[in-house]
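These are the residues of each chain, in order.
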Amino acid sequence: MILSKGIRLPWNGHDMPHAALDLLRGCNIVCDGCYNARPPHVKPLAQLRDEVDQLLRLRRLQTLTFTGGEPSLHPALLDIARYVKSKKLRLGMLTNGLLLNETLAGKLAEVGMDIILLHIQSGQQRPDLPTHPSEDQLRALRAAKARLVTQRGMEVGLTGIAYPGRSEEIRCLLDETMESPDLSFLLLCRRCNLNKFLGIRGDIGTRMVAQVQTQASLETMMASEMPEDPFNAAIAEYGLRPFAYIGSSRDPEHPMWISFFCVAVSNGTGRARWYGVRPSWLDRGLMAMMRRIHGHYVFFFKSSRAMCRMRLGLSALSNLRNSRLWRVIVDSFRPGVVVREKHVVIEQSPELMPDGEVVYCRECPDATLVNGKLLPPCLADRAEEMTSCVRVP
């Protein structure tokens with residue numbers, strides 16, 4: 001548990017600014033932590049357009065993110081992207097990057113893709129890496145794919161899963177995100193054995209309940225999960241403090257979705273300097289102002305050097321004696337440097353209570369549609385109406 005929580009985000013019910021559009025099942029690699037449990041299938045374009053419209057009725061969206069399966073495998077990927085952009089939304093895509101080349105990156109930029117999140121990590125079986133890749137090989141592949149994206153004017157980030165016995169990977173991903181002149185976002189999730197969630201009833205707007213498991217069965221499945229919190233130590237090393245959070249479905253003050261925000265300055269020859277921005281009354285005011293002006297809260301916006309300097313300047317007003325902050329501000333004005341906002345988000349795993357109650361991130365900012373109901377994407381294949389086609393190892 002991260003103790004200093006930051007601002008509790010006012011994203012409730014209809015005011016949630018983000019959702020995920022689940023395009024398909026099926027993938028071109030194999031991941032240890034994959035939450036997909038249904039056989040491969042592709043949603044037709046008409047259904048996806050209808051789901052976009054449904055999501056817009058359920059939420060005041062500012063951003064929509066393509067998920068799957070592997071979204072780049074969908075034959076109508078560009079068509080559905082055009083439809084989303086016709087609704088004046090920001091658009092993201094979570095991908096393993098295997099098919100991401102110059103041609104696809106160019107086409108995605110042309111249709112208005114705003115941000116691409118790359119999942120390239122150990123524990124994957126993929127043809128562009130050896131069976132047991134080194135950290136240098138992983139980092140080189142991520143850097144090459146990230147550069148493809150930023151060269152075409154899109155934002156790029158990474159996603160990573162914390163596995164038992166592999167917590168050092170979290171530090172490597174954090175270090176890479178902070179040092180890279182291209183990366184602006186890092187999404188971290190904790191490995192969870194999702195086979196304990198079966199026959200889920202309800203949705204995120206009500207109470208979600210799963211089939212009650214025996215204690216012996218639960219203990220067996222939880223043995224494969226990470227016993228300690230994999231994030232606290234790594235986050236503390238970088239001096240980051242939570243900027244904002246969303247509570248749990250059971251307790252709005254229990255953080256399950258936590259964001260960190262900093263500004264990094266790099267020149268490509270040495271280690272970057274960064275400063276973790278702390279929330280203030282001004283940030284609360286900005287959130288309310290954007291909601292009033294645009295009719296929705298902001299989930300994603302494209303960073304700029306001017307915006308970064310403004311953020312640092314506002315922080316300096318309340319931290320006049322912070323020498324690290326002033327060094328970052330001075331560096332941001334040096335010629336040839338790259339100034340970039342860095343956002344780190346930690347998503348805690350859903351929990352199963354003894355009575356079958358499912359505890360998850362309140363209102364789930366990444367929720368997706370399952371037969372007209374909003375469910376967390378990690379649990380979508382465990383819904384009661386999907387249980388008959390779920391593959392359980």
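Residues numbered from 1 in each chain as written. Predicted model: local features only at pLDDT ≥ 70, side-chain atom pairs only at ≥ 80, totals over all residues. Heavy atoms only, no water.

## Some remarks on the overall build of the protein chain
We apply this condition: Strands are runs of DSSP state E lasting at least two residues, helices are runs of H or I lasting at least four, and both sets are numbered from the N terminus onward. With C-alpha atoms as the basis for the radius of gyration, the globule rule is written as 2.2 Å multiplied by the number of residues raised to the power 0.38. The buried label applies to any residue whose accessible area, calculated with a 1.4 Å probe on protein chains only, is under 20% of its type's maximum; exposed applies above 50%, and partly exposed to all values in between. In this analysis, two residues are considered to be in contact whenever any of their non-hydrogen atoms come within 4.5 Å of each other. Counting rule applied: Lys, Arg positive; Asp, Glu negative; His and chain ends not counted. In plain terms, the charge of a residue is placed at NZ if it is Lys, CZ if Arg, CG if Asp and CD if Glu.
Broken down by element type, the protein chain carries 10 helices and 19 strands. Taking 2.2 N^0.38 as the reference for a compact globule, 393 residues should give roughly 21 Å; the C-alpha atoms of the protein chain span a radius of gyration of 20 Å, in line with that estimate. For the protein chain, the spread of C-alpha atoms along the principal axes amounts to about 60 × 45 × 45 Å. Counting the 393 residues in the protein chain, one finds 55% classified as buried. Intrachain contacts of the protein chain at a sequence separation of at least 6 include 76% that bridge at least 24 residues. Treating the 50 positive side-chain charges of the protein chain as one cloud and the 41 negative ones as another, the clouds have centres 6 Å apart.

## Let's talk about helix α5 (residues 168-179)
One turn of an α-helix holds 3.6 residues; hence residues three or four places apart share an orientation. Applicable threshold: One less than the number of residues in a helix, times 1.5 Å, gives the span that helix is expected to have.
Taking 1.5 Å per residue, 12 residues should reach 16 Å; α5 reaches 17 Å between its end C-alpha atoms and fits that length. Most of α5 sits inside the fold, with 10 of its 12 residues counted as buried. Restricting attention to buried positions, one finds in α5 the residues E169, I170, C172, L173, L174, D175, E176, T177, M178 and E179.

## Some words on the packing of aromatic side chains
Where we set the bar: In this scheme Phe, Tyr and Trp rings, the latter by its six-membered ring, pair at centre separations within 6.5 Å, and the angle between planes marks the pair as stacked below 30 degrees, edge-to-face above 60, and tilted otherwise.
Tallied over the full model, the rule gives five aromatic pairs. With a centroid separation of 5.6 Å and 75° between ring planes, the pair formed by F243 and F261 is classed as edge-to-face. Placement of the pair is F243 in strand β12 (residues 242-246) and F261 in strand β13 (residues 257-266), with a sequence separation of 18 residues. Here the two residues F243 and F261 agree in accessibility, since each one is buried. Ring pairing ties together the aromatic residues W11, W257 and F299, which thus form one cluster.

Shape descriptors only; they carry no functional weight alone.
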